Each structure stands twice: as structure tokens, then as C-alpha cells.
Amino acid sequence: MYPALSARIPDGLLAAMPQLREKPHQGLPSSNPALYLGFNVCKSTTVLGLRAAEHLERVRSRYTGKERDTESGNDYFEARYYGSSMGRFMSPDGPFDGSDPDDPQSWNLYSYVQNNPLTNTDPDGHDCVVQTRTGNNTETVTSSAGTCAGVKVGDGQSATYVNGTVTGVKAGVDGHSIDIGFNSYDGQSSGTQNAGAAPIPDSTNLAPGWGNNQQGYNTLGAASKVVTAATVAVGVTFGSVGGAIVATDVLAGGGASLAGVGRSGASVANRLWHIFGNPEHGLGPLVQKFGGPAAAYEAIQKAAQEQVSVVGAFKAVWVQVGGMNIQVNGTVINGVVKISTAYVPH
Amino acid sequence: MSVQQVTNVEDVRRLPKGTSSVKGIDLEDPAVLALCDVRSLRELDLSGCDLVTDRSVVKLLDLTALEVLDLTLCVLITDESVEALARLPKIRKLLLHGCYDITDVGLAALARSSSLEELILWSCEKITDQGVASLAKLATLRHLELPGFAPITDAGLLALSSNASNLEVLELDHLSAISDEGILSLAKLKSLVRLVVQGSRQISEAAISSLRVALPSCDVVFSK
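Analysis parameters
- Residues numbered from 1 in each chain as written.
- Chains lettered and ligands numbered in written order.
- Predicted model: local features only at pLDDT ≥ 70, side-chain atom pairs only at ≥ 80, totals over all residues.
- Helix = DSSP H or I, 4+ residues; strand = E, 2+ residues; numbered from the N terminus.
- Buried ≥ 20, exposed ≤ 12 C-beta atoms within 10 Å, placed from the backbone.
- Contact = placed C-beta atoms within 7 Å.
- Nonpolar A, V, L, I, M, F, W, Y, C, P; charged D, E, K, R; others polar.
- Pairing = 2+ DSSP bridges.
- Axes fitted to C-alpha atoms, helices over the stretch in contact; angles between N-to-C directions.
- Right-handed = clockwise from strand over helix to strand, strands pointing away.
- Parallel < 35°, antiparallel > 145°, perpendicular 65-115°, else oblique.
- pLDDT = per-residue confidence, 0-100.
- Expected span 1.5 Å × (residues − 1).
- Core = buried A, V, L, I, M, F, W, Y, C linked by C-beta atoms within 7 Å.
- Domains from an automatic or database assignment.

**A short note on the overall build of chain A**
Counting secondary structure elements, chain A contains 10 helices and 15 strands. Here chain A holds 346 residues, and the buried ones make up 54% of them. A fraction of 56% describes how many contacts in chain A between residues 6 or more apart in sequence connect residues 24 or more apart.

If you want it as C-alpha cells, here you go:
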């Protein structure tokens, strides 16, 4: 993450660069909101018409251990191809992937780890999204290539592995969390993953980015070297008043907003941490199945809403989620099930 | 006692004089702060109000007539709130189900209550034997539901059996570290009328049978 963790893409910069605001991978304006989520962004496997079976035709590349397509000579990064001879991916990242307003090199959507392969790697073409709480109502979302392995997050931060290449970020339907748009691992589909919200830091005086606390940032450092090296800087501003956040607002780093998001984010984060943070609950496979704790929680919530038929507090009620039988505790308030915990019984 | 539902500050301000029971729906701090002026309140249900924080909950101390407080899934409150609530002079029943950040510190404060009879701690997984030992000293405590998956061991149960002589209901759910020794020690609690032991693998049928013999008037519910 860059020193200015609050670095959102400024409106002024976007005004001067309408192609980035509108359709960065083509430089053409568009009114199609889906583009901002990146669902229409081409990925290399689609472009090249490849399927998984064709992986057999590849041989191991000596660079980062990735397979090389024998026909094209390009390295396969699972979500897209890297043209080793050109030092470029054969298809662009999604809008603003890897972009930092202060680093023009990052605006090149075809570049590989900002033309610095000695220090930065893109292990598999997939992404790790780091959220940093920067205030009661704001957080900054960055994305780096590769898994979250080795990505260290500090106070007020969270890291979420996305099983694909990030194409955009928007506020979740609850207005308290973020939805990450991504193109799938195999490049054949796209989807969204809810990543909750960055936690409220325990020590706001020291947390990176909190209230633009440069001293705190210097104390704790960036989220990790990996993230520092290749970041997307997409600011999510849960601002003061207003309606729902839409994708355009988020990608523009703009100020659409919902009130009270700071506490809401903390509430969600606290619940996710409690339910999925204790290995004794045995929910690891469920998290893996759904691609993250937020998505797993949503699935549990949905199943509980359908299957729990009590009124008031309930304990040890069986629900089936993702093929697993788990037990949930919670309460029903005005017909809405609210889960306090979930676990796989011994 | 009729229950008034409120959803915001305006609702609170419209409450009839003398209102004694309120259920808050998705309330936030400002509405809870406004409730602090309803001094006639005896029962307050804030379950599911997951945005309320210590900032407003500590002010509930002004509700000196309050007897029942439900803070289920008020996930942002901490020991700071519990320390304040422990000083409510008439509080009888406190539901902290899903208040994840409650620790032994809060329970130590609750142990100083002079009126608390019923305490629900589901999902408060930060509580340890130390917290249980604090509660054991609470002479008024009659009903206790401990959190599953908390690091509570036989030591906690031994503390209860030695001190919580007025305990009538005890629920132990998914406490993997408790064993027959702890369960058998509960035979000292002659006031027990209901004991629930679920999801604790180390507990044997033999120990439960012995306990049933020792406490013939106690309904012992057991399942692994």
C-alpha cells in the first residue's frame, strides 16, 4: 500500500482522464454500469479460446514457475496470459486494477507488476484484496496480485483472497460491506464476493491510514510488501448522507454514501471474526467452499432463515449449508433470523 | 405489562408516560440515549440492535427501575457496558447472548451486583474459568447459561459448585474441556432443578447417572 493509504482516485484526476473513469481498458466512454464491475472485461482465456484441457500442452516456465503455452510462448497465469517476450499480459487487468493515482506506471493495465519483476510477482493471476479502515465512515480497498499468503495486515485491516482477478469493487447490498467483482479462476465466468468491512482498529492512533495518521502509518508500515508493490487504489467512501452506493461512485473513489457504516462494518466484522475465527467451530471447509467468511456467513444466514422456525432465541438448531450439517445459535426478531454463532458439532 | 415497540428517537419521545416495557427494533445509540430518559422502564429489549455501542449502553445506568435487559447480539458492546449495568440496583435478568467482547473483567463487575438472578452468556467465548469463578460469588444468581466453545474447564465448575449455592438452572453447551470431575462436583448444588450438558465429549454417561442420583430433583438433560 502506498504511503497515502487513503489514496483514492481523486475526482480531479478522473475528470482529466475520462477514459479511466468511463472505460479504462478501452478508453471509450460507456454508460453501462456493468463495465464498472468489470463483468464485461475480456480475460485471456476467453480471448485465446483456451480450455483447461489445453493446459496439457504447456510446459513449465522458468519464470515464477508458471506454465508456458507451447504454441504462443506465453506464460499461463491461470486468470490470464503473460507474454514473457514482451513483458506484458496478453489482456488487460480490469478497471483500475493495479492503478495508483500517484504512479503513472500503474495506469498501464497491461503491465506486469509495474515493470519490476525483480521485486514483485504475480503468482497465479488471482488477487488478494486488502481493506483498510481509514475513518469511522471510510475505508480504502486495495488489491494485489496473487493469494493472501504472505500478506500481513495490521490493525484496522483485513485481507480477503479472491478466487479470480478483481475487476471492481462496490458497496454490498447491506451498504456496510464491499462486494468484489471478479473474473473467475478459469476465466470462463464472473462473479461477486462479499468481503465484509474493514474492522475498526483497536488503536486508532496507530492504525495505518486512520484519519490520515501518517505517524501511525509509519509505525505499523504498509499491509505488506506484496501489497505495496502492486496495488489497486480504489477508494470506498461511506460518506455522510445520501443514497445507495453504485459501482460508478466506488470506482471513481467518489462520495456516495450511507450513514453509520463505520459501526455497521465493525458489527459485521466482529460477527464474522467470532463465527469463523475459532477453529473449534470447524467451519474452515465451509469458508473454503464459499470463497471467504463473508460469503459463508451469507449462506448460513440464508439457510437459517429458511430452516429455523422458532420465535425468539434459539440454540443448536441444525441447518444444512453447502452440503454440510451445522448447528446455529441466534435469535429471531420480527421474523428475521439473526445468527450469533455457527459450528460443526463434534 | 404491554410492550411498546420503538424504531427511532421519535418513537422513544412519543412513548406514553409510565411506559415500563420497550422493545427496540434496530435501534442505534441516539435512540438508546433517548430511552435513558424513560425512567419508568422495567424491561428493555434491545436484542438484535447490533449498532448500539458502549456510548449509549453505559447510560442505561440512569434507568434505576430496570429489571430485565436483553442485549442479545449487541455485538459492539464491551466490558465497559457490563461494568455500568452491574450497578443497576434492580437488575434481575441480563441477556448478553452474542455480546462477543464480554470478558472476565465484565463478569467480575457483575459479581458485585446485588440483584442479578439470571445471566445468559451464549457465544461470549472470551469468558474463562476466572469469569465463572467471579459469577460463582454472586449470591443472588439462580440461572446461568454459559457460552459454548469458551475456555472453561473443570476449575470453573468446581468454583461454581463451591460457591453458587443458590443456582437453580445451569446450561453447559459445547465445553470441550470439562470432564466427569467437573460434572460430578455439581452434586453439591442442591438447589439445581435443571442442568443441561450438551456437546461435551469428555462427559460420560456414568457421571451423568451419578449426578442424577445425587440430585434427584434436578432434571438433567445430557447429550454428546
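**Observations regarding the overall build of chain B**
Check the secondary structure of chain B and you find 9 helices and 10 strands. Across the 224 residues in chain B, those meeting the buried criterion constitute 49%.

**Some words on the interface of chain A and chain B**
On the side of chain B, 23 residues touch chain A, which itself brings 24 residues to the contact. Going through the elements one at a time, helix H8 (261-277), strand S13 (312-321), strand S14 (324-333) and strand S15 (336-343) of chain A are the ones with two or more residues in the side of chain A that touches chain B. Among the elements that line the side of chain A that touches chain B, the one with the most residues is H8 of chain A, at 7 residues. A class-by-class count of the residues in the side of chain A that touches chain B yields 6 nonpolar, 13 polar and 5 charged.

**Topic: the environment of Thr53 of chain B**
Tracing the backbone shows Thr53 of chain B in the loop between strand S3 (43-45) and helix H3 (54-57). Between the C-alpha atoms of Thr53 of chain B and Ile77 of chain B, which are 24 residues apart in sequence, the distance is 5.0 Å.

**Examining the sheet that holds S13 of chain A**
All names here are of chain A. The antiparallel open sheet is built from 3 strands, whose spatial order is S13-S14-S15. Where the open sheet ends on each side, the last strands, each with one partner, are S13 and S15. Across the sheet, the mean angle separating the axes of adjacent strands is 35° when strand polarity is ignored. Bridge count for S13 against S14 is 8 bridges, and the pairing is antiparallel. Pairing of Val319 across the sheet is with Ile326, part of S14. Contacting S13, S14 and S15, helix H10 (residues 293-307) crosses the sheet at an angle of about 110° to S13.

**As for the pairing of strand S8 (residues 169-173) of chain B**
Residues and elements named next belong to chain B. Of all the 5 residues making up S8, 4 are buried; the element is thus mostly covered by neighbouring parts of the structure. Alignment of strand S7 (residues 143-145) against S8, held across 3 bridges, turns out to be parallel. Looking at the pairing, His143 lines up with Val169 of S8. Each parallel crossover has a hand, and the one from S7 via helix H7 (residues 154-163) to S8 is right-handed. Direction of pairing for S8 relative to strand S9 (residues 194-198): parallel, over a ladder of 5 bridges. Bridging across to S9, Asp173 finds its partner in Gln198.

**Some remarks on the sheet that holds strand S2 (residues 21-24) of chain B**
Residue and element names in this part refer to chain B. The sheet built from 10 strands is open, its strands ordered S1-S2-S3-S4-S5-S6-S7-S8-S9-S10 with parallel pairing. Of all the strands in the sheet, just strand S1 (4-6) and strand S10 (219-223) have a single pairing partner and so form its edges. Within the sheet, the average angular offset between the axes of one strand and its neighbour, ignoring direction, is 5°. The pairing of S9 with S10 spans 5 bridges and is parallel.

**Notes on the packing of helix H6 (residues 129-136) of chain B against H7 of chain B**
Residue and element names in this part refer to chain B. Direction vectors running N to C along H6 and H7 enclose 5°, while the axes themselves pass 8 Å from each other. With respect to H7, the element H6 is oriented roughly parallel. Of H7, the residues touching H6 (which contributes Asp129, Val132, Ala133 and Ala136) are Ala155, Gly156, Ala159, Leu160, Ser162 and Asn163. The residue inventory of the contact of H6 with H7, partitioned by class, reads 6 nonpolar, 3 polar and 1 charged.

**Details of the pairing of S10 of chain B**
Taken across its 5 residues, S10 of chain B has 0 buried, putting it largely on the surface. On the question of chirality, the crossover connecting S9 of chain B to the parallel S10 of chain B by way of helix H9 (residues 205-214) of chain B is right-handed.

**A look at the confidence of the model for chain B**
Averaged over all residues, the pLDDT of chain B is 96; the fraction at 70 or higher stands at 100%. Scored as a whole, the predicted complex attains pTM 0.59, and scored at its interfaces, ipTM 0.92.

**Focus: the environment of Thr128 of chain B**
Residues and elements named next belong to chain B. On the secondary structure map, Thr128 appears in the loop between strand S6 (118-120) and H6. Given 17 C-beta atoms within 10 Å, Thr128 falls into the partly exposed group. Put simply, Thr128 and Ala155 are 27 residues apart on the chain and 9.6 Å apart in space, counted from C-alpha to C-alpha.

**A short note on the environment of Val213 of chain B**
All names here are of chain B. Of note, Val213 is situated in helix H9. C-beta crowding within 10 Å serves as the criterion here: with 9 such atoms nearby, Val213 is assigned to the exposed category. Each C-alpha atom of the pair Val213 and Ala187 lies 9.1 Å from the other, and the pair is 26 residues apart in sequence.

**With respect to H10 of chain A**
Taking 1.5 Å of rise per residue, the 15 residues of H10 of chain A would be expected to cover 21 Å, and the 20 Å separating its terminal C-alpha atoms lies within 8% of that figure. For H10 of chain A, the full list of buried residues reads Pro293, Ala294, Ala295, Ala296, Tyr297, Ile300, Ala303 and Ala304 of chain A.

**A word on the nonpolar core**
With 115 residues, the main nonpolar core has Val52 and Cys74 of chain B as its most contacted residues. The biggest single contributor to this core is H10 of chain A, with 7 residues. Among the domains, domain 1 (11-40 + 120-263) and domain 2 (281-343) of chain A are the pair contributing at least three residues each to this core. With near-sequence residues (within four places) excluded, Val52 of chain B lies in contact with Leu27, Glu28, Asp29, Val32, Leu46, Val57, Cys74, Leu76 and Ile77 of chain B.

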